[in-house]
Amino acid sequence: MTRWLGAAPLLVFAAVVFGLVLGMMVYGAFTTPETVPGGARLTGANMTASLHGAYLTALTGSVRLSALSALIATVVALPLAHVVVTSRFRVLREAVLAGSGVLANFGGVPLAFAFVATLGNAGVLTTHFHLLGHGWDLYSFWGLTLVYLYFLVPLMVLSLTPALEGLRRQWREAAANNRANTLRYWTHVALPILTPSLLGGYVLLFGTAFSAYATAAAMVGSSVPLVTMQIADALSGDVLIGQGNVALALGVDMVLVAGLVMAVQLPLQRRSVRWLA
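Residues numbered from 1 in each chain as written. Predicted model: local features only at pLDDT ≥ 70, side-chain atom pairs only at ≥ 80, totals over all residues. Heavy atoms only, no water.

Student: For this particular structure, what's the right way to read unusual backbone geometry?
Tutor: Most peptide bonds adopt trans geometry, and most residues besides glycine take a negative phi value. Of note, the phi angle at His 130 is positive, near 55°, even though the residue is not glycine. Within the secondary structure layout, His 130 lies in the loop between helix 7 (124-128) and helix 8 (141-165). Residue classification places His 130 among the exposed residues on the basis of a relative accessible area of 56%. (Helix = DSSP H or I, 4+ residues; strand = E, 2+ residues; numbered from the N terminus. Buried < 20%, exposed > 50% of the residue type's maximum accessible area, 1.4 Å probe, protein only.)

Student: Which parts of the structure should I look at to understand the side chain of Thr 161?
Tutor: If you trace the backbone, Thr 161 turns up in helix 8. A distance of 2.6 Å separates a polar side-chain atom of Thr 161 from the backbone oxygen of Val 157. (Polar contact = N/O pair within 3.5 Å; in protein donor to acceptor, adjacent residues only side chain to side chain.)

Student: I keep staring at a nonpolar patch on the surface and nothing clicks. Help me out?
Tutor: Together, Leu 10, Val 12, Phe 13, Val 16, Val 17, Phe 18, Leu 20, Met 24 and Tyr 27 make up a nonpolar patch on the protein surface, roughly 940 Å² of accessible area in all. Position of Leu 20 relative to the elements: it lies in helix 2 (residues 8-29). Note on Leu 20: relative accessible area 52%, which makes it exposed. (Patch = residues over 30% accessible without salt bridge, like charges linked within 9 Å, V, L, I, M, F, W, Y side chains within 5 Å. Areas by Shrake-Rupley, 256 points an atom, 1.4 Å probe, with all protein chains shown as cover. Salt bridge = Lys/Arg side-chain N within 4 Å of Asp/Glu carboxyl O.)

Student: Can you walk me through the pattern of salt bridges in this structure?
Tutor: Between side chains of opposite charge, a pair can form as their charged atoms come close. Under the criterion given, the structure shown has two salt bridges. With its nearest N and O atoms 2.9 Å apart, the salt bridge here joins Arg 90 to Glu 94. In this pair, Arg 90 and Glu 94 both sit in helix 5 (residues 90-103), four residues apart, roughly one turn of the helix. For Arg 90, a relative accessible area of 65% translates into the label exposed. Ionic pairing is found between Arg 93 and Glu 165, a salt bridge with its closest N-O pair at 1.8 Å. Of this pair, Arg 93 sits in helix 5 while Glu 165 sits in helix 8; the two residues are 72 residues apart in sequence, bridging distant segments of the chain. With a relative accessible area of 23%, Arg 93 lands in the partly exposed category. According to the relative accessible area criterion, Glu 165 is partly exposed, its value standing at 39%.

Quick look at the structure:
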């Protein structure tokens, strides 16, 4: 019992900051607005509306964007993280890891402005290489995917580095003694061991991309359908008035997706720790 006393402040903080907000969001998602005739009453119309029409398109668009950008970031970050771990230059390793820590948290309006100035319709690289003539469009699904990779790849490098450091030299020596080349070592030894870490990192990237808002809002607005954009529009009443409770229902949809993501990540993380500890 005494062990829980030290965690009591954190539990109280989580209950107030997260539990209270989640409770109010769920309450609003399953009730009608207080401004309608009859006041607030239980209803499933908000949740139903959040899974139809433009709202469903935005939800699936966010899932598709997050899944694709997380997959590309995972594939790109694995060899980069391996180079960092196996590098003999300590300065290079520390510089890459420090830079990854900074870039993984670089987003929002500054990131959107950097890409608009570089790869926008009048950007430096767009103008110099005449990218518009080749069909390039930063303000599209693929353009936004490229922007998300800017902070997802460094985040994956940070996530994979401890796992790669856990690969023991004896495993590679044992594979070499059994006449296994580098390809066979990776396909039969390293990748199976790293799979839980790779999947766990992928899930982390998916959740990060799925909840991102400021970068997409500053760069593409509503031109790319995303659930975070729909929530902002519904709460502000830019498109339809009185859709605040539908926005709360969309928030519940996001929480359910995030809960599913965490349900997948936690067992993968435990399995990864067991192998690489």
